[in-house]
Structure formats: structure tokens, C-alpha cells
Amino acid sequence: MEGLLVEYMHCSRLISKDIFWVGANDRRLRLFENLFPLDLSYRASGVSYNSYLVVDTKTALLDTVDSAVSSQFLENVEHVLGQRSLDYLIINHLEPDHASCIKAVVERYPKVTLVGNAKTQQILSQFFSFAQPVSTLLVKEGQELELGTHCLSFIMAPMVHWPEVMVTYDKASATLFSADAFGTFGALSGHLFADEYDIQADWLNEYRRYYANIVGKYGIPVQTLLKKAANLKINTICPLHGPIWRKDLGFLLDLYGKWSSYTPETKGVLVAYSSIYGHTANAAEILTAQLVDLKVPELAVYDTSSTDVSVLVAEAFRLSHFAFLAPTYNAGLFPAMEQLLNHLQGHHWQNRTGIIVQNGSWAPAANAAMEQLLGKMKNLNILGKASILSAPNPQSALDFGNLAQRLAESLSQ
Ligand code: FEO
């Protein structure tokens, strides 16, 4: 009985020959980065922190986990290593959700060599000081590290999501350890592999929300990484968050191609409105009804005050067109709409077409504020705008009909 208990003091999993998942899940964290809600999806709430261990002639751990789940992680590493020592800790990404256990690993395995690039070394010294000198190996683009059967090569991926980011490729297993790329919010429900889940039904929204909000700003660096990855034979993608991909990699790569080039996934309209007493909400409903009559393919309607902005950003990445409706507030723009547009600008959202509608009872100023914010973004085409005074009236309905017609025509092109 005692032996059985010891045997199961871990949740590590074999991925492929010599390669183990030694990560952990966190279902208690409410806000990722103290910003993004993790309880929006019934099936994929929480987050996983993936760490991988290659056990060959030499042993190599790829990244660590957040300090909140350090116990499970260290138990997993200890279980998989058994009596072996740890030779290398590959630091693909230094953000604390993956790096906060580096010190604990060094303390347990003091002979370990930390592997990273020059930028890794700089940021590592900003986060950590070690009681004893720690062995380090600085690597450059394409450099290889022989482990025995497995040979790791390092591919720099700066700004996917931080400047020190690199990804690691194992030729023997054709595995890409992809750091934040190809990750998602959502804890793993036991199964490790994407093909063990209904990704489209249960995970896709969270993949998109993660991409748009965490990596969305860095479209060009992601494209650079995709080009480098295209030169590799890849059987398995091991990201730092979410399921591991061993089948249907084209599905994920196609999404990344679209998201990183700010290309809409779907023809349709994001109708996002802010409303104080319901009149601008009513305007949004009238406009939406007209769009339905014009057989617009897809509509997604949200109140900016009751929807987390990370969801709105993800929907803006998904859809081709927008309709933003907002009241005037403090002689400017209602804060929830201002927040949305600031987030979209921060994430380099671009290449979209839409309309704007303002409300104001005595000095409407929301359209000018929205135009100014949208004007800071690349290739944002405003097809038309309308203004309502306090509440929609028959003239508003005509104005919205005009805007709806322009949106429908643009969507049909
Ligand atoms: Fe999951 Fe950029 O850290």
C-alpha cells in the first residue's frame, strides 16, 4: 500500500519515447497576468503550465511553471528523474508563469546547466540571484545540444511574447517546444493531447482569446516564427499552455497564419455597444435587426460594460467588420468603449471595415473620439457614421438602414 502511494505522488505523463510532460494545472487563479479572467469557459477554465522533461543519456527540462503550482511540478520532475540528475534546464521563456521555479530547480539540482540566449541571461539576472554560481550555456540561432538519441536545436523567436523567447526543436521526435506560441487558456482535463478534446466546441474561443490578448500585438514576430517552423518536419507541438498537438497541425497553423496577419477568420459584424440608460443599446438592436434583414452572414452583439474586454478583442480578431456604438461621456467617449478601442490599438488590430454611431444629449463627442482612436490603427476603414440625440427616432432608423446597407454591401464583396 505504501509503495502504491509513493508510485502515484505525481501526475507526470509520457508524451513520446523519452519525453515527459511534468507540468501542472491551476484552477484557482481567477485572473491570468492579474488581468484576463480564466473562468469564462465551462470546459476550459483555469490554465495549464506545461513543462517537459527529456530523459536521454543526458536529461533536459524545458521550462518550469508558475510558483502557485510548484509542488506538483517538482514532484513530477522528481518522479520522472528517479535517481538521475538533471543536466540541463532549457529556458525558452522567462515570464514568471514559466520561470518562477527556476531557483527551486537549481536548489534541488545544483549541477544543472541553465540554457538560454544572451537576452535570457540579462533578464534572468533581473529576476533571480543565486546563492552559488550556476552553470550557464548561451546558445544562438540553430545551435544544437546533444542529449544522446535526442538533439535539441534552438530557434530564436523574439517577441513571441517577450524578447528572450526561443523555441526548441528535437529532431529525433520531430517535436517543437513552442513556448507561448500555440498555447491557450484552460486547464487540461486529464488528457494531454488536442485530439483527445473537441477543440472547436470547447477550446477554440479560448485559443483565440489567448492569442489575441497575449500574442496579438506581435503579428510580425509570429509570422517570422511560422516561416522558420515551415522548414522543420514537425510531428508534435508542445506549447507552454494547453493541449499538445500531434494531429491536424494544419488547423492550428492556419489559424496562426490568419491571426498573425490580422486576417479575419469569418465574414460577419462585431456589434459592440456601450449604453448608460439603454438608448444606445436600443440603437444597436435596431441596427442589428436591419443587418439580419439584409442577410448579413454572422452577427456577434456585445455590451462593452458586461463583457470582458479580452472577449471583445478576440471577437474583433475573428470577425471581418465592426459596428461600434457609444454614448458621449465627460465630453468624450464612454469609458468601456474607450477601453475596448485602446486594447484593440494595443494589440495592433487592423485590416477591418465598419461603422460608428454616437449618442449625446447636448454635445455629442463620441464619434470624434472613436474616429481619433480608430485612426491610430492600420487599415481601419470607416464606411459611415451616424449620430443620435438622446434616443433613436425615425430619422435614426433611416440612418441605421443606410449604415446597415453599406455594411452588407462591403460584406458581400
Ligand atoms: Fe505564458 Fe509569456 O508567458
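What follows deals with helix α9 (residues 279-293). Note: α-helices contain 3.6 residues per turn, so residues at a spacing of three or four share the same orientation. Between its first and last C-alpha atoms α9 spans 21 Å; for 15 residues at 1.5 Å apiece the expected length is 21 Å, and the two agree. Structurally, α9 contributes buried residues whose contacts are with β17 (266-273), β18 (299-303), β19 (319-329), β21 (352-360), β22 (380-389) and α13 (394-412). Looking one or two residues past α9, Lys295 carries a phi angle of roughly 60°, positive in sign.

With the rule as written, the count across this model stands at 12 salt bridges. In this structure, Arg209 and Glu206 form a salt bridge, with 2.9 Å as the shortest nitrogen-oxygen distance. A residue pair is termed a helical-turn pair when its members lie 3 or 4 positions apart in one helix, as Arg209 and Glu206 do in helix α6 (residues 199-215) at 3 residues. As far as the burial class goes, Arg209 and Glu206 line up, both buried. The salt bridge partner of Arg208 is Glu265, with a shortest N-O separation of 2.6 Å. Of this pair, Arg208 sits in helix α6 while Glu265 sits in the loop between α8 (249-260) and β17, and the two are 57 residues apart along the sequence.

This part takes up helix α5 (residues 118-127). Here α5 has its buried residues at Thr120, Ile123 and Leu124. End-on, the buried residues of α5 take up no more than an arc of 110°, which puts them together on one face. Exposed and facing more than 90 degrees away from the buried side of α5 are Ala118, Ser125 and Gln126. Where the residues of α5 are buried, they touch α4 (102-108) and β10 (113-116). The residue sitting at the N-terminus of α5 and contributing the capping side-chain oxygen is Asn117; that oxygen lies 3.0 Å from the backbone nitrogen of Lys119.

Cut-offs and rules
- Residues numbered from 1 in each chain as written.
- Predicted model: local features only at pLDDT ≥ 70, side-chain atom pairs only at ≥ 80, totals over all residues.
- Heavy atoms only, no water.
- Helix = DSSP H or I, 4+ residues; strand = E, 2+ residues; numbered from the N terminus.
- Expected span 1.5 Å × (residues − 1).
- Contact = heavy atoms within 4.5 Å.
- Salt bridge = Lys/Arg side-chain N within 4 Å of Asp/Glu carboxyl O.
- Buried < 20%, exposed > 50% of the residue type's maximum accessible area, 1.4 Å probe, protein only.
- Arc of directions from axis to C-beta.
- Polar contact = N/O pair within 3.5 Å; in protein donor to acceptor, adjacent residues only side chain to side chain.

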